[in-house]
There are 2 protein chains.
Amino acid sequence: MDALVNGVAASSIAISDRGLHYGDGLFETMLLKNGTVPLWPRHYRRLLADASRLGLTVPAEPALRDEITELAAGRESGVIKLMLTAGSGPRGYRRGDAQPSRILLFSKPHDYPAAFWQEGIRVRFCDMRLSRNRRLAGIKHLNRLENVLARNEWDDPAITEGLVLDEHDRVIEATSCNLFLLNGSDLRTPQLTFSGVNGIMREIVLETSRRLGLSVAETELSNRDVLEADGVFLTNSVVGIWPVRQIETVTWAISPVIYKLQRQINNEYGV
Amino acid sequence: MDALVNGVAASSIAISDRGLHYGDGLFETMLLKNGTVPLWPRHYRRLLADASRLGLTVPAEPALRDEITELAAGRESGVIKLMLTAGSGPRGYRRGDAQPSRILLFSKPHDYPAAFWQEGIRVRFCDMRLSRNRRLAGIKHLNRLENVLARNEWDDPAITEGLVLDEHDRVIEATSCNLFLLNGSDLRTPQLTFSGVNGIMREIVLETSRRLGLSVAETELSNRDVLEADGVFLTNSVVGIWPVRQIETVTWAISPVIYKLQRQINNEYGV
């Protein structure tokens, strides 16, 4: 079984689901490792926070955890995607009394080469600009057409990720990662007041960096800030930390600080 | 049969569909009247234009028309919603070789009272602000969370629609209609350079008004412009033209020009 819809094995969802019609919902992309989801408490906490901003009801934690355990049964590693949609309702934007649907999907583990973590990845700047909306900023919602357009700007398999700017030319994130810049012992990441996704690994990197004595700031950043950094890395809760070794024609040696963060987070969270 | 997915009767779609995961797709909401879709050529033309902007392939017109005819068989009136999604593919924002899915859904005719067309509707201003994005502006895509949030701001059944402004406080549209303002023989509608949906009835009203000798402009508009207009009306391809009789505490008598447009468009297009 590869998927559960509202607790039942399924390979499809109701055609009337508001997730399909409007992207009216949320998602979490979760690493399954050694048969468990190591970051589950944080995923659930974010789901609660995002759902409250969108006015969606989240199933109780034990019930949802049980379903994840059921889907993960007999599996060692992979990725589990959880979608929480506003469910099926009558035609139109009004939710009325539609009840949320929960969708759990298992995918095989990624097969990225070890060099992505050790030697870093190549990255580009995308042309697509993220729109700005305080109401939606930070939320991991299902309206992801901007990410799709950004990711489909390039085909070159040597380029792993694309950095995305907002309509004011501020760098916000990568298509499926958050972004960090290192200058000496100063760590900066874009603030997500108007755009972007508030990633769980981003949160963990911020917490861990503070504990390791780095100076940490969430701030406005330009593509010039990126190119002038001593070190650049990307994060998400499935891959952890990927150092960046090249953007356009600019190259970096990987900072020891990045390796240190990787080790610390791997020891502590198993990611 | 109430739905066809890729030409086959269905009540569900594949759980891996990119329409669900990312809102990676388009839709058309079409009036079925006297057993036909009177605005079909325009719907198909917009679908082609929007799909080209998103990089999606549209099925050939005769094939899609045949499926609509099949779904409409034995039905006199109602609403047919067409969704064209990027289809099912592997996990991730990259489309790869995913093939588009087409989804056709029949709903019963709306049951709005005749007074909505004759005496007008009550409308409010929404708090939710539309984000701005040149790449997506005008497109009838499946990322509609902003419309959902705007529509769910009110429950009062006496209020039929909500006007939505963008992040720069320009009035753009209503949650599921386009907006027109009348001052004497000057007709204005918000320009859709950064936000909003380029509605088919909007296009028809612009064309018809020019032929009737009105001066027509697509321009920037504020909520003050709305409140100071001689007449206000909303349009979409299912309801045609709804005059607005009240916004907040401001009321209007319905302008004869609005009735004239209703009659002309009803005669010409059957909507």
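Please refer to the structure higher up on the page.
Nothing here was measured: the structure is a model prediction, and the numbers come from that model.

(A) Inspection of the side chain of Glu67(A) at higher detail. If you trace the backbone, Glu67(A) turns up in helix 3 (residues 61–72). Non-local contacts of Glu67(A), meaning those with residues more than four positions away in its chain, are made with Leu4(A), Asn6(A), Gly7(A), Arg102(A) and Leu104(A).

(B) Quick look at the relation of the copies chain A and chain B. For the pair chain A and chain B, the superposition axis carries a translation of 0.0 Å, the fit reaches an RMSD of 0.0 Å, and the rotation angle comes to 180°. Seen this way, the second copy is the image of the first under a two-fold rotation axis. Minimal C-alpha distance to the rotation axis in chain A is attained by Leu20(A), lying at 2.0 Å. Looking at the interface residues of chain A, 100% of them are also at the interface in chain B, so both copies use one shared face.

(C) Representation of the packing of aromatic side chains within the structure. Under the counting rule described, the total for this entry stands at 16 aromatic pairs over all chains. On the numbers, 4.9 Å between centres and 55° between planes, the contact of Tyr22(A) with Tyr93(A) is tilted. Taken together, the positions of Tyr22(A) in helix 1 (residues 18–22) and Tyr93(A) in the loop between strand 5 (78–85) and strand 6 (101–107) put the pair 71 residues apart, joining distant regions of the chain. One exposure class covers both Tyr22(A) and Tyr93(A), and it is buried. Taken together, a centroid distance of 5.4 Å and an interplanar angle of 90° make the contact between Phe116(B) and Trp242(B) edge-to-face. Taken together, the positions of Phe116(B) in helix 4 (residues 115–118) and Trp242(B) in strand 14 (residues 240–247) put the pair 126 residues apart, joining distant regions of the chain. Look at Phe116(B) and you get buried, because its relative accessible area is 16%. Three or more aromatic residues link up through ring pairs in this structure, and these residues are Tyr112(A), Phe116(A), Trp117(A) and Trp242(A). Between Arg75(B) and the ring centre of Phe106(B), over which it is positioned, the NZ or CZ distance is 3.9 Å. Across the ring face of Phe27(B), the terminal group of Lys81(B) is positioned such that the distance to the ring centre comes to 4.8 Å.

Scoring rules and cut-offs
- Residues numbered from 1 in each chain as written.
- Chains lettered and ligands numbered in written order.
- Predicted model: local features only at pLDDT ≥ 70, side-chain atom pairs only at ≥ 80, totals over all residues.
- Heavy atoms only, no water.
- Helix = DSSP H or I, 4+ residues; strand = E, 2+ residues; numbered from the N terminus.
- Contact = heavy atoms within 4.5 Å.
- Least-squares fit on C-alpha atoms with pLDDT ≥ 70 in both.
- Phe/Tyr/Trp six-rings, centres within 6.5 Å; stacked < 30°, edge-to-face > 60°.
- Buried < 20%, exposed > 50% of the residue type's maximum accessible area, 1.4 Å probe, protein only.
- Lys NZ or Arg CZ within 6 Å of the ring centre and 35° of its normal.

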